[in-house]
Every structure is written in structure tokens, then in C-alpha cells.
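Chain residues, written in single-letter form:
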Amino acid sequence: MFKDNYTINFVTTAHHTTDNRGTRLDIETNGPVHSKHSEEEEKFLGSGYYFWDNSMDLGHFWGKTHYKRKYRIYEGEIKLSDKGNKLLDLVGRREHQIAFEKLKKCIISIDPKRKSWGIGNIIELLRLMDLDHDYKGIFDFSASRALEIVENPKGGMKFVSYRSNKTDLKPRIVICLYFLKGDMLNNFRCVFSVDKYK
């Protein structure tokens, strides 16, 4: 379903925001905090380790709005490749967007009650199906990347002065690693902490 005619290597600096749990050294040593997807608490891209794609500003935004200003930001380098740890890129690969839309339509045709499902639910279903021998390979991604669309983007800039059409120079791009293996995440370290001494 997600067949590509070329190979892509994806490398980015990523920011992971957490509350003040444990010590900085614990999280630097043991890795980022895992977010679990459930019916009660859906996650944007399913269960995994969440990062902002190269945006310390969004790390601060998340900490202030979700952790009541008691937070830390960790930074690391994410490396993914079509030859190993593959990325489902719903931002920069049009063929992935088209294939994902087709999959959603297929899921709805089988079960119309799933029409309201978001991306996270669909990815969780595909990951579960991928464990079944009959569907092996339906979702062979190690990570996903998506754009969160906001109504009035902070980085909004007009293309031309006399029209309202804009692009966003500060997009909210979310990355979710489904597991940590090999060199997917490198140089993971705390770059901001409200509590300077822990």
C-alpha cells in the first residue's frame, strides 16, 4: 500500500517535553516518556514516543499548557531511512498521504462506524493488523510524522501582499517513534528544565 519508488533518509533535531518526573539523568539514560493510546485517551499518531520536529518553541508551548509550567525539554537527533527504520511521512510525502486516505476509506467501507476515527485510531488498527500473519507488512513503519493544522498560525506569512493565502513558517509538526531501536534517537539530552538542580 505504501510503496515508494525511491529511498529517503530522514534526519531531524527533535524536542520531547515531559513533566518533572524522575531525574534528568534517568530520562537521558532510559529514553523519552512513552505515551499510550487508548479509547479514553487517544494520541495523535497512536502509542509511542512523541517529539516536535525541530521546535524548541513548541516544546515550551506544550510544557506551559500541559504541565503547568513544571516541565523539561529534551533534545535528540532522529534518524530514519526507508532501508531500515521507515517513516510514514504525512507531511512531506504525497504518496503516503494518498495511501493513508485510501486505507481510511477501505476501513470505513468495512465498518462505517469507524468514519469518525482519527489518525491515531487508524494507525493503532494497522499496527495490530500487522502482527497478524495474513496482514504482515501492512504497516511496517517505525515512526510517523504529521502536521497539526492550527487556525491562525504564529508563523503565517502571505505568499503575495494582495491575497489572504498563506504558508506557515512555524508549523506544528509532530513525530511519533513507535519503538526505540538502533540509532533512531541519538544524543538525547535535557536542554531545558524549570528545576535546574534535578
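In this text, all values refer to a predicted model and were calculated from it rather than measured experimentally. (Residues numbered from 1 in each chain as written. Predicted model: local features only at pLDDT ≥ 70, side-chain atom pairs only at ≥ 80, totals over all residues. Heavy atoms only, no water.)

Undergrad: Break down the layout of surface pockets for me, with residues and values.
TA: Summary: where empty space remains is shown by rolling a probe the size of a single water molecule over the atoms. Considered as a void within the structure, the largest pocket measures approximately 470 Å³ in volume. Forming the boundary of the largest pocket are 20 residues, of which Ser 35, Lys 43, Tyr 50, Trp 62 and Tyr 67 lie nearest the centre. Residue assignment for the lining of the largest pocket shows that the elements contributing at least two residues are strand E1 (9-19), strand E2 (34-35), strand E3 (48-53) and helix H2 (56-66). Top contributing element to the lining of the largest pocket by residue count: E1, with five residues. Each residue belonging to the lining of the largest pocket can be placed in one class, and the counts come to eight nonpolar, seven polar and five charged. Volume-wise, the second largest pocket comes out at about 320 Å³. Looking at the second largest pocket, it is lined by 14 residues, and the ones nearest its centre are Asp 57, Leu 58, Phe 61, Lys 154 and Lys 170. Residue contributions to the lining of the second largest pocket peak at three residues, all from H2. Classifying every residue of the lining of the second largest pocket gives five nonpolar, four polar and five charged. (1 Å grid on protein atoms, 1.4 Å probe; cavity = no way out; pocket = protein on both sides within 12 Å on 5 of 7 lines; lining within 4 Å. Points joined across faces, edges and corners; volume = space filled by probe spheres on them. Helix = DSSP H or I, 4+ residues; strand = E, 2+ residues; numbered from the N terminus. Nonpolar A, V, L, I, M, F, W, Y, C, P; charged D, E, K, R; others polar.)

Undergrad: Before we move on, could you go through the packing of helix H3 (residues 94-110) against helix H4 (residues 119-130) and cite the residues and values that matter?
TA: At their nearest, the axes of H3 and H4 sit 11 Å apart, and the two run at 80° to each other. Taken together, the axes of H3 and H4 lie roughly perpendicular to each other. Here Phe 100, Leu 103, Lys 104 and Ile 107 of H3 lie close against H4, whose contacting residues are Ile 119, Ile 122, Ile 123, Leu 125 and Leu 126. Considering only residue class, the contact of H3 with H4 consists of eight nonpolar, no polar and one charged. (Axes fitted to C-alpha atoms, helices over the stretch in contact; angles between N-to-C directions. Parallel < 35°, antiparallel > 145°, perpendicular 65-115°, else oblique. Contact = heavy atoms within 4.5 Å.)

Undergrad: Can you break down the packing of aromatic side chains residue by residue, with the values?
TA: Counting across every chain of the model gives six aromatic pairs. Relative to Trp 62, the ring of Trp 52 has its centre 5.8 Å away and its plane inclined at 65°; by these criteria the two rings are edge-to-face. With Trp 52 in strand E3 and Trp 62 in helix H2, this pair connects stretches of sequence that are 10 residues apart. You can call Trp 52 buried: its relative accessible area is 7%. Between Phe 139 and Tyr 178 the ring centres are 5.9 Å apart and the planes differ by 70°, which places this aromatic pair in the edge-to-face class. Placement of the pair is Phe 139 in the loop between H4 and strand E6 (143-148) and Tyr 178 in the loop between strand E9 (172-177) and strand E10 (185-193), with a sequence separation of 39 residues. Here Phe 139 falls in the buried class, since its relative accessible area comes to 3%. The ring of Phe 141 has Lys 86 lying over it, and the distance from NZ or CZ to the ring centre is 5.3 Å. (Phe/Tyr/Trp six-rings, centres within 6.5 Å; stacked < 30°, edge-to-face > 60°. Buried < 20%, exposed > 50% of the residue type's maximum accessible area, 1.4 Å probe, protein only. Lys NZ or Arg CZ within 6 Å of the ring centre and 35° of its normal.)

Undergrad: Residue-level account of the environment of Glu 28, with values.
TA: Mapping Glu 28 onto the fold places it in helix H1 (residues 24-30). Among the residues examined, Glu 28 registers a relative accessible area of 29% and is labelled partly exposed. As a C-alpha pair, Glu 28 and Arg 189 span 161 residues in sequence and 5.3 Å in three-dimensional space. Within the structure, Glu 28 has its side chain in polar contact with the backbone nitrogen of Cys 190 (distance 2.7 Å). (Polar contact = N/O pair within 3.5 Å; in protein donor to acceptor, adjacent residues only side chain to side chain.)

Undergrad: Outline the environment of Leu 128, listing residues and values.
TA: With respect to the helices and strands, the residue Leu 128 is situated in helix H4. Linking Leu 128 and Ile 138, residues 10 residues apart in sequence, is a C-alpha distance of 9.8 Å.

Undergrad: Tell me about the pairing of E6, residues and numbers included.
TA: Of the strand pairs in this sheet, strand E5 (residues 87-89) and E6 are connected by three bridges, and their pairing is parallel. Across the sheet, Asp 89 pairs through a bridge with Arg 145, a residue of E6. (Pairing = 2+ DSSP bridges.)

Undergrad: An account of the environment of Thr 29 is needed here, citing residue identities and associated values.
TA: Structurally, Thr 29 is set in helix H1. On the basis of relative accessible area, Thr 29 is assigned to the exposed category, the value being 57%. Linking Thr 29 and Val 194, residues 165 residues apart in sequence, is a C-alpha distance of 19 Å. A polar atom in the side chain of Thr 29 sits 2.7 Å from the backbone oxygen of Leu 25.

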